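Overview (structure and organization)
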Amino acid sequence: MKPTALITGASGGIGYELSLLFSKAGYDLIVVARSEDKLLELKNELNGHPVTIIPQDLSEPGAAQVVFDKVKELGLTITVLVNNAGFGLNGSFEELPLLDQQKMLQVNVNALTELTHLFLPEIKAARFRSIPKGVLNVASTAAFLPGPKMAVYYASKAYVLSFSEALVEELKETSVTISTLCPGATDTNFFKAAQAENTKLVKQTMSPESVAKSGFLGFVKGKRVVVPGAMNQGMAYASKLLPRSLAAKAAHYVDS
Ligand SMILES: NC(=O)c1ccc[n+]([C@@H]2O[C@H](COP(=O)([O-])OP(=O)(O)OC[C@H]3O[C@@H](n4cnc5c(N)ncnc54)[C@H](OP(=O)(O)O)[C@@H]3O)[C@@H](O)[C@H]2O)c1
């Protein structure tokens, strides 16, 4: 049996790049997203590397259980879970449709939590000498501060960071790594999907390749929180010093 990484949101952006890195490191892949065609492109690019595709909309309640059941039906066991699927919505809380914001919470928070709960026992039980096992959760620098005009998105990422750091403590006596990747603005489809293409955030982005590389290396080294890029690290540090009211104003400025 080979180590296997299950990666959500592998059809594009950071998740696609993380999939390439985990495959290069010798993990078989199980990839999840809605766009089956793009997952097939990834499988083709990996040219014979074992890749199992699970097309699934994670905004549907119960989707995590569907993914888990499918993995078990196929007789597979995972070593690493990468909870990367996620999206943002740009607009005031009052004006954005509630249903869309609930779907965002379902993907960014509920699916991530449920997948972690379902797969953690087998990750804990995995026995591979010198091959890291654990969970890599993708949050954001948005996790560090309140985000007016993307209020629910920022709050969802604060949840991901808080949840993951709590698990680090709960699992400290085990060999399970829990890492949280907190990217800043990254050049992916994220801004288009969030209808945030005209915000100041898009002016200084990192490439998804370099963000994924930081996340992958951070996970392999067992780092609890990974913030890629000096500017994002500075921002994360500054957000700890600022009063929350000022941090919210700063986030409002860059997101407008
Ligand atoms: N780009 C940034 O500036 C940035 C900054 C900080 C954090 N992040 C976080 O990084 C992660 C990856 O985003 P990205 O930047 O790579 O954006 P992206 O290119 O838009 O990729 C998002 C991925 O999530 C999947 N996804 C979205 N909704 C889904 C759903 N309902 N069910 C299943 N999969 C779904 C998408 O696949 P399908 O559309 O095929 O379903 C896609 O593979 C997200 O969690 C995001 O919040 C991004």
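Structural data are supplied above this passage.
In short, a report on the structure. For every chain, the first residue of its written sequence is number 1, and the numbers climb from 1 along that sequence. Selection of residues for local features in this predicted model requires a pLDDT of at least 70, selection of side-chain atom pairs for listing and counting requires 80 or more, and totals for whole chains, interfaces and linings are taken over all residues. Think of the side-chain values as coming from all heavy atoms in the structure, minus any hydrogens and water.

**With respect to empty space enclosed by the protein**
Applied cut-off: In the cavity and pocket records, a cavity denotes points on a 1 Å grid over the protein atoms alone where a 1.4 Å probe fits but cannot get out, a pocket denotes an open set with protein on both sides within 12 Å along at least 5 of 7 lines, and lining residues are residues with an atom within 4 Å of a point. Grid points are joined across faces, edges and corners, and a volume is the space filled by probe spheres set on the points. Elements are defined by DSSP. Helices are runs of H or I of four residues or more, strands are runs of E of two residues or more, and each kind is numbered from the N terminus. Think of it as three bins: nonpolar holds Ala, Val, Leu, Ile, Met, Phe, Trp, Tyr, Cys and Pro, charged holds Asp, Glu, Lys and Arg, and polar takes everything else, Gly as well.
For the coordinates displayed, the defined rule picks out one cavity of 30 Å³ or more. Here the largest cavity is characterised by a volume of approximately 40 Å³. If one sorts the elements of the lining of the largest cavity by residue count, helix H4 (residues 98-125) sits on top with three residues. Taken together, the residues of the lining of the largest cavity break down into five nonpolar, three polar and no charged.

**Digging into the side chain of Glu-122**
Note the threshold: Only protein chains enter the accessibility calculation, which uses a 1.4 Å probe; a residue is then buried when its area is under 20% of its type maximum, exposed when over 50%, and partly exposed in between. By the convention used here, residues are in contact when the closest approach between their heavy atoms is within 4.5 Å.
Mapped onto the elements of the fold, Glu-122 is located in helix H4. Looking at Glu-122, the relative accessible area reads 13%, which means it is buried. Apart from the residues lying within four places of it in its own chain, the contact partners of Glu-122 are Phe-68, Lys-72, Leu-76, Thr-77 and Ile-78.

**What about a negative patch on the surface?**
Using the following cut-off: Only residues whose relative accessible area exceeds 30% and that form no salt bridge enter a patch; like-charged residues are grouped when within 9 Å of one another, and nonpolar side chains (Val, Leu, Ile, Met, Phe, Trp, Tyr) when within 5 Å. Surface accessibility follows the Shrake-Rupley procedure with a 1.4 Å probe radius. Residue values consider only the protein chains on display as shielding. Throughout this description, the term salt bridge denotes a Lys or Arg side-chain nitrogen within 4 Å of a carboxyl oxygen of Asp or Glu. Under this rule, positive means Lys or Arg and negative means Asp or Glu; His and the chain ends count for nothing. Charge positions are represented by NZ for Lys, CZ for Arg, CG for Asp and CD for Glu.
Where like charges cluster on the molecular surface, the negative patch consists of Glu-36, Asp-37, Glu-41 and Glu-45. Note on placement: Glu-45 falls in helix H2 (residues 36-45).

**Considerations on the site of the ligand**
Put simply, the test is: Any residue with at least one heavy atom within 4 Å of a molecule or strand is counted as near it. Any N or O atom pair separated by 3.5 Å or less is treated as a polar contact, with the protein-specific requirement of one donor-capable and one acceptor-capable atom, and with residues adjacent in sequence counted only for side-chain atom pairs.
As a structural note, the neighbourhood of the ligand is formed by 31 residues, with Ser-11, Arg-34, Ser-35, Tyr-153 and Thr-188 the closest of them. Separating an oxygen atom of the ligand from a backbone N or O atom of Ile-14 is a distance of 2.8 Å. The protein chains hide 93% of the 860 Å² of surface that the ligand would expose on its own. Counting only elements with at least two residues in the shell around the ligand, the list comes to helix H1 (13-24), helix H5 (151-170) and helix H6 (190-193). Looking at side-chain class alone, the shell around the ligand contains 14 nonpolar, 14 polar and three charged residues.

**A few points about the nonpolar core**
Using the following cut-off: Nonpolar cores were defined as sets of buried Ala, Val, Leu, Ile, Met, Phe, Trp, Tyr and Cys residues, with membership established by side-chain atoms within 4.5 Å.
By size, the foremost hydrophobic cluster in this structure holds 50 residues, and its most contacted members are Leu-6, Leu-58, Val-67, Val-71, Ile-78 and Phe-119. Those elements that place two or more of their residues in this core are strand E2 (28-33), helix H3 (63-73), H4, H5, strand E6 (176-181) and helix H9 (244-254). Not counting chain neighbours up to four residues away, the residues in contact with Val-67 comprise Leu-6, Val-32, Ile-54, Gln-56, Leu-58 and Leu-115. Counting 28 residues, the second largest nonpolar core, distinct from the first, contains Leu-21, Leu-42, Val-51 and Val-138.

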